[in-house]
Amino acid sequence: MPQPDYNEIYSSVFPFWDRIGEDDRSYLCRNSHAVMYSQGKNIHDGNDCSGVILVRTGSLRLYMMSEQGKDITLYRLHSGDLCMLSASCVLEAITFDVFVDAEEDSQCIVIAGPAFAAVSERNPAVKIFALETAVSRFSDVMWVMQQILFMGVDRRLAIFLLDEAARTGSDTILLTHGQMARYMGSAREVVSRMLKYFAAEGMVEVSRKGVRILDRGRLRELV
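Below or above, wherever it landed, is the structure these notes cover. Here, residues in each chain are numbered from 1, in the same order as that chain's written sequence. In keeping with the predicted nature of the model, local features appear solely for residues at pLDDT of at least 70, side-chain atom pairs appear and are counted solely at 80 or more, and the whole-chain, interface and lining totals rest on all residues. To obtain the side-chain values, all non-hydrogen atoms of the structure were included, while hydrogens and water were left out.

1. Concerning the sheet that holds strand E6 (residues 82-83)
Quick note on the threshold: A pair of strands is treated as paired once DSSP finds two or more bridges between them. Numbering goes from the N terminus for both helices and strands, where a helix is a DSSP run of H or I of at least four residues and a strand is a run of E of at least two.
Pairing is antiparallel in the open sheet, where 4 strands are placed in the order E1-E8-E3-E6. A single partner strand is all that each edge strand has here, and the edge strands are strand E1 (32-37) and E6. When strand E3 (residues 52-57) meets strand E8 (residues 106-111), the two strands line up antiparallel, connected through 5 bridges. When the sheet's bridge partners are listed, valine 52 is paired in E8 with isoleucine 111.

2. Brief notes about the pairing of strand E7 (residues 99-102)
Rule in force here: Only protein chains enter the accessibility calculation, which uses a 1.4 Å probe. A residue is then buried if its area is under 20% of the maximum for its type, exposed if over 50%, and partly exposed in between.
Across the two faces of E7 the burial is the same, with Phe99 and Asp101 and Val100 and Ala102 all buried. Sheet topology places strand E2 (residues 42-44) next to E7; 2 bridges connect them, and they run antiparallel. Pairing of histidine 44 across the sheet is with valine 100, part of E7. Pairing of strand E4 (residues 60-65) with E7, which is carried by 4 bridges, proceeds in the antiparallel orientation.

3. With respect to the pattern of salt bridges
Heads up, the rule is: Basic side-chain nitrogens of Lys or Arg form a salt bridge, by our definition, when they fall within 4 Å of a carboxyl oxygen of Asp or Glu.
Considering all chains together, one arrives at 14 salt bridges under this definition. Residues arginine 76 and glutamate 164 are paired through a salt bridge, measuring 2.5 Å at the closest nitrogen-oxygen approach. Separated by 88 residues along the polypeptide, arginine 76 in strand E5 (residues 71-77) and glutamate 164 in helix H5 (residues 153-168) bring together distant segments of the chain. In this structure glutamate 164 comes out as buried when scored by relative accessible area, which is 5%. Arginine 182 is the salt-bridge partner of glutamate 103, the closest N and O atoms lying 3.3 Å from each other. With glutamate 103 in the loop between E7 and E8 and arginine 182 in helix H6 (residues 177-184), this pair connects stretches of sequence that are 79 residues apart.

4. Observations concerning the sheet that holds strand E11 (residues 210-213)
The sheet built from 3 strands is open, its strands ordered E9-E11-E10 with antiparallel pairing. Strands at the two margins of the open sheet, each flanked by one partner only, are strand E9 (172-173) and strand E10 (204-207). Two strands pair when backbone bridges link them, and E9 and E11 are joined in this way by 2 bridges, in the antiparallel orientation. Counterpart to threonine 172 in the pairing with E11 is arginine 212.

5. A short note on H6
Along H6, the residues that are buried comprise Gln179, Met180, Ala181, Tyr183 and Met184. At the C-terminal side of H6, glycine 185 shows a positive phi close to 75 degrees.

Here it is in structure tokens:
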């Protein structure tokens, strides 16, 4: 992967970039490196400070895992998104383990955690940005918890299909039943049964290639 112009990239990503000194900007750039993560690669296992990860292309999944090995997806990151929860040395208040995997081949830029933490200690604007970024993601986590605790599978699946279609700009969801279940925090068998019901009702078409939405209106009624 060609070495990117970090200064140009960060000036468009970080609102604090022009508010910190040249030395700190150079320090962050020197402590950044471009990485290509292959599909299925575990990027962060919750036990160290992997750094601040900026997704350039591809998709990452953040999840928590129980002692029995069962996991629940917290949220996914796509092109342009930033992962702060992988940098525990920056956000010391984060005391739970978060795991990060590459869901597809993903080009990322990683800023070393200690370097970002050092700059944030010298610059309140950086610290505020890190906290605000983490808080915004906690809103996503609470939405996931609300769905799992209080919504039926039919409603959760309808929400997922509509959200995924909006994100990709396509009515065809190119995901397996297992992937959908993992993202929703459900079981593959449950998702498969609900998709079969949706298909019987004419809301979707299920094939080997994925799921095609046929009736957005009916799905919205469920939501």
